[in-house]
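Single-letter residue listing:
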Amino acid sequence: MRTGEKLGIMIRILLAEDDDSMRAYLSRALEKSGYEVVAVANGAQAVPHIDTDNFDLLLTDIVMPEMDGIELAQHAASAAPDMRIMFITGFAAVTLRAGQAVPQAKVLSKPFHLRELVLEVERMFGTESLTGLT
């Protein structure tokens, strides 16, 4: 099984990040690692994708305009309960709030190395890949 796949199917990631350069950087890195990425600039733009498409992972910044990552994750947990959630944030204070609001989510604090992000994503789907469970 290659990185970026579960059960031979490419893992799809919805990335919500308001910083243009960070969004492009993360998208490129995840795509190079074999993941399919749909990237949007904020939570409000992510909602229609969650409501109409299937993603394996929501990777979202927490602090964003219009709709923050916590609100987005709560919507995702309701609309797509099988989707995994990972927060990325540079604000320590919101990390605790995110963990309380969406306890099943992983939180990755900025700054992080791209390899760390890819390893965390691999860990989230590694058990499924090894056991063949969905």
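Structure's up top.
If you're wondering where the values come from, they're calculated on a predicted model, not measured in any experiment. (Residues numbered from 1 in each chain as written. Predicted model: local features only at pLDDT ≥ 70, side-chain atom pairs only at ≥ 80, totals over all residues. Heavy atoms only, no water.)

### Observations regarding the overall build of the protein chain
Basically, it comes down to this: Each helix is a run of DSSP H or I of at least 4 residues and each strand a run of E of at least 2, with the numbering of both proceeding from the N terminus. Only protein chains enter the accessibility calculation, which uses a 1.4 Å probe; a residue whose area is less than 20% of its type maximum is buried, one above 50% is exposed, and one in between is partly exposed. By the convention used here, residues are in contact when the closest approach between their heavy atoms is within 4.5 Å. Exposure was quantified through the Shrake-Rupley algorithm and a 1.4 Å probe, taking into account, for residues, occlusion by the shown protein chains and nothing else.
In terms of helices and strands, the protein chain carries 5 helices and 7 strands. Listing every helix and strand of the protein chain by position from the N terminus yields β-β-β-α-β-α-β-α-β-α-β-α. Burial analysis of the protein chain (134 residues in total) assigns 45% to the buried set. Taking the contacts inside the protein chain whose residues are at least 6 apart along the sequence as the reference set, 64% of them involve residues at least 24 apart. About 6900 Å² of surface is accessible on the protein chain, with carbon and sulfur atoms providing 53% of the total.

### A word on helix α3 (residues 69-79)
Worth spelling out the cut-off: Directions from the helix axis toward the C-beta atoms define the arc. In the analysis that follows, any N or O atom pair within 3.5 Å is treated as a polar contact, provided that within protein one partner can donate a hydrogen and the other can accept it, and provided that, for residues neighboring in sequence, both atoms belong to side chains.
Those residues of α3 that fall on the buried side of the exposure criterion are Gly69, Ile70, Leu72, Ala73 and Ala76. One face of α3 carries all of its buried residues, which in axial projection span an arc of 155°. Taking the backbone nitrogen of Ile70 as reference, a side-chain oxygen 3.0 Å away marks Asp68 as the first, capping residue of α3.

### Overview of the nonpolar core
Put simply, the test is: Put simply, buried Ala, Val, Leu, Ile, Met, Phe, Trp, Tyr and Cys residues joined by side-chain atoms within 4.5 Å make one nonpolar core.
Core analysis: the largest hydrophobic core is formed by 21 residues, its most contacted members being Leu14, Ile50, Leu58, Leu72, Met83, Ile85 and Phe87. For this core, the elements supplying multiple residues, two or more each, are β3 (12-16), α2 (43-52), α3 and β6 (84-89). It is α3 that contributes the most residues to this core, 4 residues altogether. Setting aside anything within four residues of it in sequence, one finds Ile85 in contact with Leu57, Leu58, Ala73, Ala76, Ala77, Val102, Ala105, Lys106 and Met124. Of all hydrophobic cores here, the second largest spans 20 residues; its members include Ile11, Leu15, Leu108 and Phe125.

### Digging into the pattern of salt bridges
Stated precisely, the cut-off is as follows: Here a salt bridge means any side-chain nitrogen of Lys or Arg lying within 4 Å of a carboxyl oxygen belonging to Asp or Glu.
Per the counting criterion, the structure on display carries 7 salt bridges. Measuring nitrogen to oxygen at the nearest pair gives 3.1 Å for the salt bridge that ties Arg12 to Glu36. Of this pair, Arg12 sits in strand β3 while Glu36 sits in strand β4 (residues 36-40), and the two are 24 residues apart along the sequence. On the basis of relative accessible area, Arg12 is assigned to the buried category, the value being 16%. Of the residues examined, Glu36 reaches a relative accessible area of 31% and is grouped as partly exposed. With a shortest N-O distance of 2.7 Å, Arg23 and Asp20 are connected by a salt bridge.

### Considerations on the sheet that holds β6
Consider a sheet: its strands pair through backbone hydrogen bonds, and that pairing is either parallel or antiparallel. The criterion, for reference: DSSP calls a pair of strands paired once it identifies at least 2 bridges connecting them. Inter-axis angles, ranging from 0 to 180 degrees, are taken between N-to-C directions of lines fitted to C-alpha atoms, where helices are fitted over the stretch in contact.
Ordered by their spatial adjacency, 5 strands build an open sheet running β4-β3-β5-β6-β7, and the pairing between neighbours is parallel. At either end of the open sheet lies a strand with only one pairing partner, and these are β4 and β7 (106-109). The mean angle between the axes of side-by-side strands here comes to 20°, regardless of whether they run parallel or antiparallel.

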